[in-house]
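Chain by chain, the residues run as shown.
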Amino acid sequence: MSPFTDMAIETRGLSRTFGRTHAVRDLGLSVPRGALFGLIGPNGAGKTTTLRMLAGLLRPSAGQIDLLGEPISVRSGQYGVHRKVGYMPDFFGVYEDMLAWEYLDFFGRCHGLSAERRAKVVRDLLGLVDLGSKRDEQVDHLSRGMKQRLCLAQSLVHDPEILLLDEPASGLDPRARLEMRALLRELSAMGKTIVISSHILSELSEMCDGVAIMEHGELLEHGTVEDLNRRRRPRAMWRLTVASDPAAAVVLLEAAGVEVVSPSEEGAAWGDDGVVDEVASLMLAFEGDARARAAVVTQLVQAGVAVADLRPVEGDLEDLFMEITRGEQEA
Amino acid sequence: MSLPRPGLNPVFVREMRSRFRGARAFGALTVFLLIMTIATAIAYYFTHLSYQYGYGWQNESLGQSIFITVVLTEGILLGLTAPALTFGLLSSERDRGTWELLLATPLSRWQIISGKVGAVLAYGLLMIAAVLPMLGITFVLGGVSPWSVLLSQLVILSSAALLAAIGLAASAVMSTTSRAAVTAYVAAAAVIVGPWLLLFLVEIGPIGSGDLVATLMQVSPLMLLIVGAGFSDMFGGGSDSLQWIGQQLLLQGILTGWLFLLAHSRVRRSALGRGGPAVVGLLVFGMIMWLLWRLTVMVEPW
């Protein structure tokens with residue numbers, strides 16, 4: 001993760017109620033500048049409400065939002081917010097009777113761009129989202145994935161520093177999803193701060209520098225995936241794959257003070273005789289540093305165990321999400 | 001931070017592009033003119049028939065007959081069309097899912113509403129302009145002064161604007177276009193036909209006082225249209241009628257402005273798509289009507 005110097009988004013005590021329902025409650029969120037940040041949670045967690053408040057579309061019931069170091073006030077006007085933020089809602093539509101370039105041109109006009117600037121921006125953005133060949137195509141003739149990319153392009157017309165994307169990949173086929181992911185990475189590389197709400201957790205864990213997990217309008221966890229792993233799983237877990245004599249490996253490891261938790265889920269199993277099969281992955285709880293790990297591996301190799309692989313086990317975002325939200329429900 | 005550069009309202013440009021792209025707008029205009037032509041031809045035929053049966057032939061009476069027919073037909077058609085032009089202006093953005101995208105731009109409420117209304121107004125003016133050559137016939141035949149023509153078009157424009165504003169307010173308050181359409185036409189029907197229905201009830205007895213009905217009659221576009229169309233020297237139009245028409249134009253203007261402001265105030269809040277405050281709006285509308293009734297100097301149109 002790159003070292004961030006300051007925050008793009010900061011919220012303090014942010015709350016929003018609809019009647020008696022608390023959609024978002026006392027949310028304290030910090031998103032560093034240039035980060036690709038995932039907002040995750042089940043339906044009704046308050047993700048969309050949070051994004052709409054950040055986009056200046058919804059007035060918070062309480063709390064404070066700072067964008068790029070400046071406090072925003074919905075009451076005092078939207079102008080500043082809309083300059084800084086590009087927003088793509090989860091349910092969005094397009095003007096069917098427009099051509100692709102006209103669609104972007106319209107939003108360029110809305111953001112007050114001059115005719116020359118609009119022409120350049122439209123050309124550049126259509127290229128960026130890979131719709132250059134669809135410039136004169138009627139918008140309603142585009143596929144869902146293309147419309148999704150076009151909508152993402154409209155959120156970029158005024159070159160905002162912050163992008164708020166609500167479920168940008170929902171309803172897309174695997175190919176379109178990959179294209180969208182590549183596009184988001186490209187935008188992130190361009191220095192944009194991107195906040196994505198999504199249900200596709202595996203993709204978020206691959207892309208995001210940081211995540212916030214929400215449920216029932218409250219923030220449960222907040223930080224990088226590694227941070228969450230560390231907090232939730234204080235013991236370092238390692239996966240050792242051996243290509244021969246795993247039983248001997250287990251004995252040697254235990255003798256070296258390494259706890260063998262289990263064969264990992266990947267194919268290994270204890271045999272009927274209580275010994276693991278010949279080629280196996282072992283899950284280890286091991287706190288030692290690189291030297292200690294090297295010593296253990298050397299010991300195994302010298303004992304004739306064919307060590308194929310030793311790698312840390314990161315709990316993926318789905319595991320973490322399930323664990324965190326389950327914990328909350330039990331509490 | 002740089003401010004947006006001045007130029008054409010982007011919403012107006014988009015609406016015009018969308019409205020006049022394809023054959024739909026011109027098809028509707030053709031149908032409109034076709035109906036007008038048929039109505040004028042029928043008026044001519046029956047006037048001619050009355051000549052054959054010995055009622056006497058005068059170019060002036062033919063001119064007046066055509067004038068009244070054209071103005072009434074134009075008024076009714078525009079009255080029916082006006083809410084249809086506006087009830088989807090804001091609600092269709094919500095239905096389509098473009099509303100939040102629009103609100104996420106720096107456009108002001110005024111720019112959004114005025115851009116949309118401006119495009120509707122342009123279309124309405126095009127329809128009125130298309131009718132003018134037909135009214136020009138009356139200048140050849142005589143019996144109708146240019147002043148009457150001007151006044152009739154002013155009356156039609158004012159009434160159409162009121163009905164369009166009803167559609168706009170419904171569009172701002174209701175969450176979907178179908179609800180907005182129903183609300184707009186029910187409200188328009190209440191304003192147009194309601195007073196006549198009440199008048200009928202007064203005549204047959206169930207409603208005792210005619211004061212309220214007389215007041216409501218004052219805002220009925222149909223009443224204004226009839227008086228406006230019939231206003232000419234030959235039909236006894238005098239200063240009383242003129243005063244009444246002026247008063248009604250003012251009243252309609254106030255109501256139109258109020259409905260416009262209602263829609264304007266709802267633009268941001270209607271992102272939530274809730275129709276509940278419509279009830280409050282109607283109550284306020286009722287209070288304004290009552291206030292106007294108390295303040296307005298009652299002048300009989302005849």
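Keep in mind that what you see is a predicted model, and the values were worked out from it rather than measured.

**Brief notes about the overall build of chain A**
Helix and strand counts for chain A stand at 11 helices and 14 strands. By residue count, 43% of the 331 residues in chain A fall in the buried class. Nonlocal contacts in chain A, meaning residues at least 24 apart in sequence, comprise 71% of its contacts between residues at least 6 apart.

**Things to note about the overall build of chain B**
Within chain B, the secondary structure is distributed over 13 helices and zero strands. The linear arrangement of helices and strands in chain B, starting from the amino end, is α-α-α-α-α-α-α-α-α-α-α-α-α. Expressed as a percentage of its 302 residues, the buried residues of chain B come to 40%.

**Quick look at the domain arrangement of chain A**
What the domain assignment reports for chain A is domain 1 (7-231) and domain 2 (234-312). Computed from C-alpha atoms alone, the centre-to-centre distance between domain 1 of chain A and domain 2 of chain A is 44 Å.

**Some points on the environment of Val225(A)**
Tracing the chain through its elements places Val225(A) in helix H8 (residues 225-232). Along the sequence, Val225(A) and Arg149(A) sit 76 residues apart, while their C-alpha atoms lie 27 Å from each other.

**What to know about the sheet that holds strand E5 (residues 70-72) of chain A**
Residues and elements named next belong to chain A. Strand order across the open sheet formed by four strands is E2-E1-E4-E5, with antiparallel pairing between neighbours. Each having just a single partner strand, strand E2 (21-32) and E5 make up the two edges of the open sheet. Here the strands of the sheet are splayed against their neighbours by 25° on average, with no regard to which way each runs. Where strand E1 (residues 7-18) lies against strand E4 (residues 62-67), five bridges are found, and the strand directions are antiparallel. Paired with Thr-11 across the strands is Ile-65, a residue of E4.

**Some thoughts on the interface of chain B and chain A**
Interface size is often expressed as the accessible area that is lost when the parts come together. Contacts between the two partners involve 20 residues from chain B and, on the opposite side, 23 residues from chain A. Of all the elements in the fold, those that place two or more residues in the side of chain B that touches chain A are helix H1 (10-20) and helix H5 (99-103) of chain B. For the side of chain B that touches chain A, the class distribution of residues is 11 nonpolar, four polar and five charged.

**As for the sheet that holds strand E10 (residues 218-223) of chain A**
Residues and elements named next belong to chain A. If you walk across this open sheet you meet the six strands as E6-E7-E8-E3-E9-E10, and the pairing is mixed. The sheet terminates laterally at strand E6 (85-88) and E10, the two strands that pair on one side only. On average, each strand axis in the sheet is tilted by 15° relative to the strand beside it, whichever way the strands run. Note: strand E3 (residues 36-40) against strand E9 (residues 210-215), four bridges, orientation parallel. Directly across from Ile-40, in E9, lies its bridge partner Ile-213.

**Topic: helix H7 (residues 146-173) of chain B**
The first and last C-alpha atoms of H7(B) sit 40 Å apart over 28 residues, in line with the 40 Å expected at 1.5 Å per residue. Along H7(B), 21 of the 28 residues are buried, which leaves the element largely enclosed by surrounding structure.

**Details of helix H8 (residues 177-192) of chain B**
For the α-helix, the turn length of 3.6 residues means that residues three or four positions removed from each other point alike. All names here are of chain B. The first and last C-alpha atoms of H8 sit 22 Å apart over 16 residues, in line with the 22 Å expected at 1.5 Å per residue. Three or more residues of H8 are buried, namely Thr-177, Ala-180, Thr-183, Ala-184, Ala-187, Ala-188, Val-191 and Ile-192. Along H8, the residues classed as buried sweep out an arc of 155° about the axis, all on the same side.

**Some points on the environment of Phe139(B)**
Along the chain, Phe139(B) turns up in helix H6 (residues 109-141). Note: C-alpha distance between Phe139(B) and Val149(B) (10 residues apart in sequence) is 9.5 Å.

**A short note on the confidence of the model for chain B**
Residue and element names in this part refer to chain B. Here chain B shows a mean pLDDT of 77. Residues at 70 or above account for 73%. Here residues 270-276 is modelled with pLDDT under 50, and outside its nearest four sequence neighbours on either side it reaches 14 contacts, counting other chains as well. With pLDDT under 50 throughout, residues 297-302 is counted as low confidence; its partners more than four residues away or in other chains account for eight contacts.

**Describing the environment of Trp238(A)**
Residues and elements named next belong to chain A. Take Trp-238: it is sitting in strand E11 (residues 237-242). Separated by 74 residues in sequence, Trp-238 and Pro-312 place their C-alpha atoms 4.3 Å apart. If we skip the residues at most four places from it in the chain, Trp-238 touches Leu-284, Phe-286, Leu-310, Arg-311, Pro-312 and Val-313.

**Considering the packing of helix H3 (residues 100-110) of chain A against helix H4 (residues 115-128) of chain A**
All names here are of chain A. Packing of H3 against H4 brings their axes to within 9 Å, and their N-to-C directions diverge by 130°. With respect to H4, the element H3 is oriented oblique. Helix-helix and strand crossings are classified by hand; for H3 and H4 the assignment is right-handed. Residues Ala-100, Trp-101, Leu-104, Asp-105, Gly-108 and Arg-109 of H3 touch H4, and the partners they reach there are Arg-118, Val-121, Val-122, Leu-125 and Leu-126.

**What to know about the pairing of E2(A)**
Residues and elements named next belong to chain A. Across eight bridges, E1 lies against E2 in antiparallel orientation. Residue Leu-14 lies in a different strand from E2, and its bridge partner there is Leu-27. Counted along the chain from E1 to the antiparallel partner E2, the turn is two residues long, and its residue Gly-19 has a positive phi close to 65°.

Scoring rules and cut-offs
Residues numbered from 1 in each chain as written. Chains lettered and ligands numbered in written order. Predicted model: local features only at pLDDT ≥ 70, side-chain atom pairs only at ≥ 80, totals over all residues. Helix = DSSP H or I, 4+ residues; strand = E, 2+ residues; numbered from the N terminus. Buried ≥ 20, exposed ≤ 12 C-beta atoms within 10 Å, placed from the backbone. Contact = placed C-beta atoms within 7 Å. Domains from an automatic or database assignment. Pairing = 2+ DSSP bridges. Axes fitted to C-alpha atoms, helices over the stretch in contact; angles between N-to-C directions. Nonpolar A, V, L, I, M, F, W, Y, C, P; charged D, E, K, R; others polar. Expected span 1.5 Å × (residues − 1). Arc of directions from axis to C-beta. pLDDT = per-residue confidence, 0-100. Parallel < 35°, antiparallel > 145°, perpendicular 65-115°, else oblique. Left-handed = near helix turned anticlockwise from the far one by under 90°.

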